[in-house]
Amino acid sequence: MAAATQRALFIVNIEQGSESEGLFHGMYGSLMTRLKSRARLNATTVDSIKALQTHCAACNPKETVLLFTNEVIAKRTELHDMLKHFLSGGGLAIIGCLFSSFTTAPMADTLFQALGLHWKHADCYRTTFGLTDMGHSLLTEVSSRYSAMAVQLKDVPNNQKLYKPVADATTESDVFSLKPADANLVMAAFGKVGKGAVAYIGDMNAEDESDRLIIALCSATW
């Protein structure tokens, strides 16, 4: 996606058919405010499948970002071809917010496979993640490391890893015994699909650093 004076951002929060109904605005109100205040983002909330299909049909993908906030994009498999067409035209899809908390492994894996990505749903625990070299080259104004409870991915190529466990990272818990974090997993990934790209953020707890990551991705160029 090339640099643009302004991008259209569609915040796709379709609650009908979602197990996360009613949660998004309470957890991500601050993110919504920050996104809508960005001068170079024209942010619009999309709350129905019909509206999503209409916006995707009318938009210029090269100047458009879709932020999927829950599991509906994985659950509604009839939307996968629409999304792939959007990506092939140069659009950016960010999958995050409540997605990881309400998506099963088969649902997530089916979505990634439909988009031509080899990513797989993996383990879930809190640890400290660090920004990769690829992340440093792609993003600005993000944290170099932070702790997050996240549904992580496996089988992510090194050139698609955004945040992975820091060296010597362990699980972080006040209840369970600590163990080494799996260095092969990632909390956030970024992969090209056609002329566009998909970003995944597995944070489950609306960490401020993840909000900053979403904002940075909305303005990223590659």
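In this report, the structure presented in the accompanying data block is examined.

Thresholds, definitions, all that
Residues numbered from 1 in each chain as written. Predicted model: local features only at pLDDT ≥ 70, side-chain atom pairs only at ≥ 80, totals over all residues. Heavy atoms only, no water. Helix = DSSP H or I, 4+ residues; strand = E, 2+ residues; numbered from the N terminus. Rg over C-alpha atoms; globule rule 2.2 N^0.38 Å. Buried < 20%, exposed > 50% of the residue type's maximum accessible area, 1.4 Å probe, protein only. Contact = heavy atoms within 4.5 Å. Areas by Shrake-Rupley, 256 points an atom, 1.4 Å probe, with all protein chains shown as cover. Lys, Arg positive; Asp, Glu negative; His and termini not counted. Charge placed at Lys NZ, Arg CZ, Asp CG, Glu CD. Core = buried A, V, L, I, M, F, W, Y, C linked by side-chain atoms within 4.5 Å. Pairing = 2+ DSSP bridges. Arc of directions from axis to C-beta. Phe/Tyr/Trp six-rings, centres within 6.5 Å; stacked < 30°, edge-to-face > 60°. Axes fitted to C-alpha atoms, helices over the stretch in contact; angles between N-to-C directions. 1 Å grid on protein atoms, 1.4 Å probe; cavity = no way out; pocket = protein on both sides within 12 Å on 5 of 7 lines; lining within 4 Å. Points joined across faces, edges and corners; volume = space filled by probe spheres on them.

### Notes on the overall build of the chain
Across its full length, the chain carries eight helices and nine strands. Scaling as 2.2 N^0.38, a compact globule of 222 residues should have a C-alpha radius of gyration of about 17 Å, and the chain matches this with 16 Å. With the C-alpha coordinates of the chain rotated into their principal frame, the extents come out at 50 × 35 × 35 Å. Here the chain holds 222 residues, and 52% of them are scored as buried. Nonlocal contacts in the chain, meaning residues at least 24 apart in sequence, comprise 76% of its contacts between residues at least 6 apart. Surface accessibility of the chain: about 10000 Å² in total, with carbon and sulfur atoms responsible for 48%. Computed over 20 positive and 22 negative side-chain charges, the inter-centroid distance for the chain is 8 Å.

### Some remarks on the side chain of T132
Along the chain, T132 turns up in the loop between β5 (120-131) and α7 (133-138). Beyond its immediate stretch of four places on either side in the chain, T132 contacts K161, L162, Y163 and K164.

### What to know about the nonpolar core
Grouped together as the largest cluster of nonpolar side chains are 40 residues, with contacts concentrated most on L139, Y163 and L217. What Y163 contacts, discounting residues up to four positions off in sequence, is F129, G130, L131, T132, V142, S143, S144, Y146, V186, M187, A188 and L213. In terms of nonpolar packing, the next biggest core, distinct from the first, is built from 37 residues, I14, V46, A108 and A189 among them.

### Comments concerning the pairing of strand β8 (residues 188-193)
Two faces make up the sheet, and in a regular strand the side chains alternate between them. By the criterion of burial, β8 is predominantly enclosed, with five of the six residues buried. Pairing between strand β7 (residues 161-165) and β8: two bridges, direction antiparallel. Looking at β8, one finds that K161 is bridged to A189. With six bridges joining them, β8 and strand β9 (residues 196-201) adopt antiparallel strand pairing. Directly across from V193, in β9, lies its bridge partner G196. With antiparallel pairing between neighbouring strands as the criterion, β8 and β9 make up a hairpin whose turn holds two residues, including G194 at a positive phi of roughly 60°.

### Here we look at helix α2 (residues 49-58)
I49, L52 and C56 are the residues of α2 that are buried. Looking straight down α2, one finds that the buried residues subtend no more than 60° of arc, so they occupy a single side. Every exposed residue of α2 that faces more than 90 degrees away from the buried side is listed here: K50, A57 and A58. On its buried face, α2 sits against β1 (7-12), β2 (41-46), β3 (64-68) and α4 (80-88).

### What about the packing of aromatic side chains?
A full pass over the atoms with the stated rule returns six aromatic pairs. Aromatic side chains F112 and W119 sit 5.4 Å apart centroid to centroid with 65° between the ring planes, which places their arrangement in the edge-to-face category. Assigned by exposure class, F112 and W119 land together as buried. Look at Y146 and Y163: their rings are 5.3 Å apart centre to centre, the planes differ by 70°, and that puts the pair in the edge-to-face class. Of this pair, Y146 sits in strand β6 (residues 145-154) while Y163 sits in strand β7, placing them 17 residues apart in sequence.

### Observations regarding the sheet that holds β9
Strand order in this open sheet of nine strands is β2-β1-β3-β4-β9-β8-β7-β5-β6, and the pairing throughout is mixed. The open sheet has two edge strands with one neighbour each: β2 and β6. With strand direction ignored, the average angle separating the axes of adjacent strands in the sheet is 25°. Note that β1 and β3 share five bridges and pair parallel. In the strand pairing of β3, V12 is matched with F68. Across the sheet, α4 is in contact with β3, β4 (92-95), β8 and β9; its angle to β4 comes to roughly 130°.

### Considerations on the layout of surface pockets
If you add up the space inside the largest pocket, you get close to 210 Å³. Among the elements that line the lining of the largest pocket, the one with the most residues is helix α8 (residues 208-218), at three residues.

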